[in-house]
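Listed below are the residues making up each chain.
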Amino acid sequence: GESVGLHLPTLSVQEGDNSIINCAYSNSASDYFIWYKQESGKGPQFIIDIRSNMDKRQGQRVTVLLNKTVKHLSLQIAATQPGDSAVYFCAETKGSNYKLTFGKGTLLTVNP
Amino acid sequence: IAGITQAPTSQILAAGRRMTLRCTQDMRHNAMYWYRQDLGLGLRLIHYSNTAGTTGKGEVPDGYSVSRANTDDFPLTLASAVPSQTSVYFCASSESEGQPQHFGDGTRLSIL
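Residues numbered from 1 in each chain as written. Chains lettered and ligands numbered in written order. Predicted model: local features only at pLDDT ≥ 70, side-chain atom pairs only at ≥ 80, totals over all residues. Heavy atoms only, no water.

Here's the deal with the interface of chain B and chain A
Listed by partner, the interface residues are 24 residues for chain B and 20 residues for chain A. Of the roughly 1800 Å² buried between chain B and chain A, counting both surfaces, carbon and sulfur atoms make up 59%. The largest per-residue losses of area from chain B upon contact with chain A belong to L43, E97 and G98 of chain B, which jointly make up 25% of the total buried on that side. Connecting chain B to chain A are 0 salt bridges. Between the two partners, chain B and chain A, sit 5 residue pairs in polar contact (both at pLDDT 80 or more). Where the side of chain B that touches chain A is concerned, the elements lending two or more residues are β4 (31-38), β5 (42-49) and β10 (102-103) of chain B. Of the residues assigned to the side of chain B that touches chain A, the class counts are 10 nonpolar, 10 polar and 4 charged. (Contact = heavy atoms within 4.5 Å. Buried area = accessible area lost by both parts, 1.4 Å probe. Salt bridge = Lys/Arg side-chain N within 4 Å of Asp/Glu carboxyl O. Polar contact = N/O pair within 3.5 Å; in protein donor to acceptor, adjacent residues only side chain to side chain. Helix = DSSP H or I, 4+ residues; strand = E, 2+ residues; numbered from the N terminus. Nonpolar A, V, L, I, M, F, W, Y, C, P; charged D, E, K, R; others polar.)

Structure below.
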């Protein structure tokens, strides 16, 4: 089956910098994408989602960009804080399907 | 606080024993899911339920069973545990298809 992948398994940034986490997906039929944050010992926490009829969506300090042409998804975190340190997962599905396919995750470390 | 409650938080179990992981949600979500999370393999769907009374198989269903007698509860049973089922198990729920899934904090299960 098709799967979602990540370009970088780890990302280290300085506090206050902007972070960009990337995700490549291979299922061209996918039309709904989600970013999750997972802190140590906790379950994945919903951050932001985007549907395929959009190419950008903004939340509080986060922006998700979707490039359907190259099947690429990114999560931008503005003014990264130590509390942003976590593993970030992208997930994708086709809207009528209950099943999410998750990427392997990127570990974001924020240095003070 | 509304959300998903999983129990137990952790368990050590002898191989061959039967074990039921409990999951309860108070958001009145229609759909519920069970995932296992293993290092290097990410989150993999075990079973899911679109609505009370129905269940379906995910990516890795063998050795597991589920039931959905009501909206709130979605227990996962290991009929005869094996060491390869050592993992962190997450329960999730969503209002419907095409909506973000919300996760509990997991059950850490070790099979010896």
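What about the environment of E39 of chain A?
Residues and elements named next belong to chain A. Residue placement: E39 occurs in the loop between β4 (32-38) and β5 (45-51). Taking the C-alpha atoms as reference points, E39 and A86, 47 residues apart in sequence, are found 4.8 Å from one another. Residue contacts for E39: discarding those within four places in its chain leaves Q45, G83, S85 and A86.

Things to note about the state of the cysteines
Applying the stated criterion across every chain yields a total of 2 disulfides over all chains. The residue that forms a disulfide with C23 of chain A is C90 of chain A, at a sulfur-sulfur distance of 1.8 Å. Looking down the S-S bond of the C23 of chain A and C90 of chain A bridge, the torsion is 55 degrees, so its handedness is right-handed. With a gap of 67 residues between them, C23 of chain A in strand β3 (residues 19-25) and C90 of chain A in strand β9 (residues 86-93) connect regions that are remote in the sequence. In this structure C23 of chain A comes out as buried when scored by relative accessible area, which is 1%. Overall, C90 of chain A belongs to the buried group, its relative accessible area being 0%. Covalent S-S linkage joins C23 of chain B and C91 of chain B, the inter-sulfur distance amounting to 1.9 Å. Residues C23 of chain B and C91 of chain B share a disulfide whose torsion about the S-S bond is about -75 degrees; that sign makes it left-handed. Residue C23 of chain B is found in strand β3 (residues 19-25), and its partner C91 of chain B is found in strand β9 (residues 87-94); the two are separated by 68 residues along the sequence. Just as C23 of chain B is buried, C91 of chain B falls in that class too. (Disulfide = S-S within 2.5 Å. Buried < 20%, exposed > 50% of the residue type's maximum accessible area, 1.4 Å probe, protein only.)

Comments concerning the side chain of T80 of chain A
Residue and element names in this part refer to chain A. Relative to the elements of secondary structure, T80 occurs in the loop between β8 (72-77) and β9. Classification of T80 by relative accessible area gives buried; the value is 1%. Leaving out residues up to four positions away in the same chain, T80 has contacts with V13, Q14, E15, G16, D17, N18, S19, R61, L108 and V110.

Quick word on the packing of aromatic side chains
Going through the model one piece at a time under the given rule, you end up with 9 aromatic pairs over all chains. Summarising the aromatic geometry, the rings of Y36 of chain A and F102 of chain A are spaced 5.7 Å apart at their centres and angled 40 degrees between planes, so their arrangement reads as tilted. Residue Y36 of chain A is located in strand β4, and its partner F102 of chain A is located in strand β10 (residues 101-102); the two are separated by 66 residues in the primary sequence. Assigned by exposure class, Y36 of chain A and F102 of chain A land together as buried. Here the aromatic cluster, defined as three or more aromatic residues joined through ring pairs, consists of Y36, F46 and F102 of chain A together with Y33, Y35 and F103 of chain B. (Phe/Tyr/Trp six-rings, centres within 6.5 Å; stacked < 30°, edge-to-face > 60°.)

A few points about the pairing of β3 of chain A
Residues and elements named next belong to chain A. The side-chain alternation of β3 yields one buried face, formed by S19, I21, C23 and Y25, and one unburied face, formed by I20, N22 and A24. With 6 bridges joining them, β3 and β8 adopt antiparallel strand pairing. Note on β8: the bridge partner recorded for I20 is Q76. (Pairing = 2+ DSSP bridges.)

Focus: the sheet that holds strand β8 (residues 76-78) of chain B
Residues and elements named next belong to chain B. Spatial ordering of the open sheet is given by β1-β3-β8-β7, a layout of 4 strands whose pairing is antiparallel. Looking at strand neighbours, the two that pair on one side only are β1 (4-7) and β7 (64-66), the edges of this open sheet. Geometrically, the sheet is characterised by an average inter-axis angle of 20 degrees between neighbouring strands, direction not taken into account. Across 3 bridges, the pairing between β3 and β8 is antiparallel. Bridge assignment links L21 to a residue of β8, and that residue is L76. (Axes fitted to C-alpha atoms, helices over the stretch in contact; angles between N-to-C directions.)

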